[in-house]
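The primary structure of each chain is shown beneath.
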Amino acid sequence: MSGVFTRQPGKAIYTIFFVLRILIHLPWLLFSFLSPSRRPDRHWSYRQALGRTVVCYASQYSATVELKPPFSLKPGKEKERFVLVAPREEHFYRDILRCDPEIKPTSIGAVWYPEPLSHTSQHPPGRRIFLHLHGGAYILGGGRNADVEFSTSLLVQNSPGSSVFCPEYRLASFPGGRFPAALQDAITAYAYLIHELNIPSSDIILSGDSAGANLALALLRYISDHQGILPAPAAILLWSPWTDMTGEVEDAAKRPAAKVDHVVPELISWAYREFLPGTDTKVPRENPYISANKGAPLATIPMWVQWGSNEVLVEEVEKFISLQARGNEGQDEHMLRTYVIPHAPHDVFVLAPFLGWKKEVAVAAKDAIRFLDDLKP
């Protein structure tokens, strides 16, 4: 249930006090961060400490007033790079995708980077297509320039000739966006590449950051559980994956990393409240399509996983890696590679321009592409 600050006059009152709080606290922080010992992590630069503070403020405000991001099915600034993707036939959406009769497949928007692909002849065989699913706790974010231009540029720059396809899946902050809406939309986007553009699955790389990584894992699990509907992609890249939604917000807030990371409790609470399926669906949050750590290892395609050592959810990521490693026993050692950015907070792949981690993320992206290059015969 939404709080009193999500509607007027509560929202206006909260906004006034929130701005006053920033005006009081920020000057002191600007001064105190001059000393490395007073920064969230003493290894951080002044820019990184300040960036984390600003993102924390923005996240806390957005979650408290439930500030919804802009949404449109019109091209906007992306112009010809924006495409409208229609849902596929009913047989593509089975079982878990029909758990809620009110949530049905629908048309979605998507954005190409750096140039649009509209027919098969524009895709030279062997060139990578990244299907990137954006993060934002299933309630924020998008696939447009303002959200993913930096991260998609890293993929394109390090993998010359490649393209990135970013679907704007339904967000739970809007009506009709709770589970399994985003997973339905991920299926729609992947099927579009396979069946509409006839791109070989061997040329497609799944990618996702934060909640988008959660969604990428759910998509991979669906493909694995329903063999014959869609072929498996070549590999998967996971950036700060959200692998478990069974943890309590209060427990995460007590972890030492909560004082360093920018993921605020209010944001997780909002995500749980809006995204998790209703009790009438009989789909608990322990379901592996929601919490990957609760399911069998997805040791079906090569997997590259990145996270920061200062993430509040680092325990869940490390458990996920342990599960995948056990599932990979006896298989090719190149099936799983991890990359940890020392002292980094959550999801710097997308938030690096705001948090001051561009150099570190650029190095991580190079490692991800090397991982993919090593897979080639």
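Residues numbered from 1 in each chain as written. Predicted model: local features only at pLDDT ≥ 70, side-chain atom pairs only at ≥ 80, totals over all residues. Heavy atoms only, no water.

1. Some points on the nonpolar core
Phe165 and Leu193 are the most contacted members of the largest nonpolar core, which totals 83 residues. Contacts of Phe165, omitting those with residues within four sequence positions, involve Val83, Val85, Ala110, Val111, Trp112, Phe130, Leu131, His132, Ala189, Tyr192 and Leu193. (Core = buried A, V, L, I, M, F, W, Y, C linked by side-chain atoms within 4.5 Å. Buried < 20%, exposed > 50% of the residue type's maximum accessible area, 1.4 Å probe, protein only. Contact = heavy atoms within 4.5 Å.)

2. Comments concerning the environment of Asp280
Mapped onto the fold, Asp280 is located in the loop between α7 (265-275) and β7 (303-308). Remark: the alpha-carbon pair of Asp280 and Leu351, spanning 71 residues in sequence, is separated by 36 Å. (Helix = DSSP H or I, 4+ residues; strand = E, 2+ residues; numbered from the N terminus.)

3. Focus: a nonpolar patch on the surface
Taken together, the side chains of Ile13, Ile16, Phe17, Val19, Leu20 and Leu23 make up a nonpolar region of the molecular surface, amounting to roughly 600 Å² of accessible area. Its location among the elements puts Ile13 in helix α1 (residues 10-32). Judged by relative accessible area, Ile13 falls into the partly exposed class, the value being 44%. (Patch = residues over 30% accessible without salt bridge, like charges linked within 9 Å, V, L, I, M, F, W, Y side chains within 5 Å. Areas by Shrake-Rupley, 256 points an atom, 1.4 Å probe, with all protein chains shown as cover. Salt bridge = Lys/Arg side-chain N within 4 Å of Asp/Glu carboxyl O.)

4. Focus: the packing of helix α2 (residues 46-65) against helix α9 (residues 348-355)
Orientation of α2 relative to α9, taken along the N-to-C sense of each, is 110°, at an axis distance of 9 Å. One element, α2, and the other, α9, form an angle in the roughly perpendicular class. For the pair α2 and α9, contact is made by Arg47, Gln48, Gly51, Arg52 and Val55 and by Pro353, Phe354 and Leu355, respectively. Its residues assigned to classes, the contact of α2 with α9 comprises 4 nonpolar, 2 polar and 2 charged. (Axes fitted to C-alpha atoms, helices over the stretch in contact; angles between N-to-C directions. Parallel < 35°, antiparallel > 145°, perpendicular 65-115°, else oblique. Nonpolar A, V, L, I, M, F, W, Y, C, P; charged D, E, K, R; others polar.)

5. Details of the pattern of salt bridges
Pairing between side chains of opposite charge can happen when the charged atoms of each approach one another. In the structure shown here, the tally under the stated rule is 15 salt bridges. With its nearest N and O atoms 2.9 Å apart, the salt bridge here joins Glu66 to Arg273. One end of the pair, Glu66, is in the loop between α2 and β1 (82-85); the other, Arg273, is in helix α7, with 207 residues separating them in the sequence. We note a salt bridge from Asp374 to Arg337, for which the minimum N-O separation is 3.0 Å. Highlighted residues: Asp374 in helix α10 (residues 358-375) and Arg337 in strand β8 (residues 336-341), separated in sequence by 37 residues. Since its relative accessible area comes to 44%, Asp374 is described here as partly exposed. One continuous salt-bridge network, built from bridges that share partners, spans Arg337, Asp367, Arg370 and Asp374.

6. Quick word on the packing of aromatic side chains
Under the definition given, this model contains 17 aromatic pairs. Seen in terms of ring centroids, Tyr138 and Phe275 are 3.9 Å apart; in terms of plane orientation they differ by 10°. Their pairing is stacked. Here Tyr138, found in the loop between β3 (129-133) and α3 (145-158), pairs with Phe275, found in helix α7; they are 137 residues apart in sequence, far enough to count as distant. Residue classification places Tyr138 among the buried positions, given a relative accessible area of 2%. On the basis of relative accessible area, Phe275 is assigned to the buried category, the value being 3%. (Phe/Tyr/Trp six-rings, centres within 6.5 Å; stacked < 30°, edge-to-face > 60°.)

7. Quick look at the side chain of Asp347
Following the sequence through the fold, Asp347 ends up in the loop between β8 and α9. Buried Asp347, no salt bridge; nearest opposite-charge side chain is Arg52, N-O distance 15 Å. Setting aside residues up to four positions removed in sequence, Asp347 forms contacts with Asp209, Ser210, Trp239, Ser240 and Glu311. (Lys, Arg positive; Asp, Glu negative; His and termini not counted.)

8. Overview of unusual backbone geometry
Cis peptide bonds are those with omega within 30 degrees of zero, and the linkage from Tyr113 to Pro114 qualifies with -5°. Mapped onto the elements of the fold, Pro114 is located in the loop between β2 (108-113) and β3. Omega for the bond connecting Phe179 with Pro180 falls within 30 degrees of zero, at 10°, which places this linkage in the cis form. We note that Tyr138 has phi near 70°; this positive angle belongs to a residue other than glycine. If you check the backbone angles, Asp347 has positive phi at about 55° while not being a glycine. The buried category is assigned to Asp347, whose relative accessible area is 6%.

9. Things to note about the sheet that holds β7
Pairing between the strands of a sheet comes from backbone hydrogen bonds, and it takes one of two forms, parallel or antiparallel. Read across the open sheet, the 8 strands follow the order β1-β2-β4-β3-β5-β6-β7-β8; overall the sheet is mixed. Looking at strand neighbours, the two that pair on one side only are β1 and β8, the edges of this open sheet. Direction aside, neighbouring strands of the sheet carry axes that sit 20° apart on average. As judged from the 5 bridges shared by strand β5 (residues 204-209) and strand β6 (residues 235-239), these two strands associate in the parallel manner. Within β6, the position partnered with Ile205 by the bridge is Ala235. Sitting on the sheet, helix α5 (residues 211-225) is in contact with β3, β5, β6 and β7, with an inclination near 140° to β5. (Pairing = 2+ DSSP bridges.)

10. Remarks on α3
Relative to the 20 Å expected for 14 residues at 1.5 Å per residue, α3 spans 19 Å between its end C-alpha atoms, a close match to the ideal helical length. Maximum bend of α3: about 30°, positioned at Ser151. (Expected span 1.5 Å × (residues − 1). Bend = angle between axes of the 7 residues up to and from the residue.)

11. Details of α9
The buried count for α9 comes to 6 of 8 residues, which makes it a mostly enclosed element. Buried within α9 are the following residues: Val348, Phe349, Val350, Leu351, Ala352 and Leu355. One or two steps after α9, the chain reaches Gly356, where phi turns positive at roughly 85°.

12. Points about the pairing of β6
Most of β6 is tucked away: 5 of the 5 residues are buried. Here β6 shows two buried faces, one formed by Ala235, Leu237 and Trp239 and the other by Ile236 and Leu238. Taking the sense of rotation as the criterion, the β-α-β connection linking β5, α5 and β6 turns out right-handed. Sheet analysis places β6 next to β7, joined by 4 bridges and oriented parallel. Residue pairing for β7: Trp239 is matched across the bridge by Gln306. (Right-handed = clockwise from strand over helix to strand, strands pointing away.)

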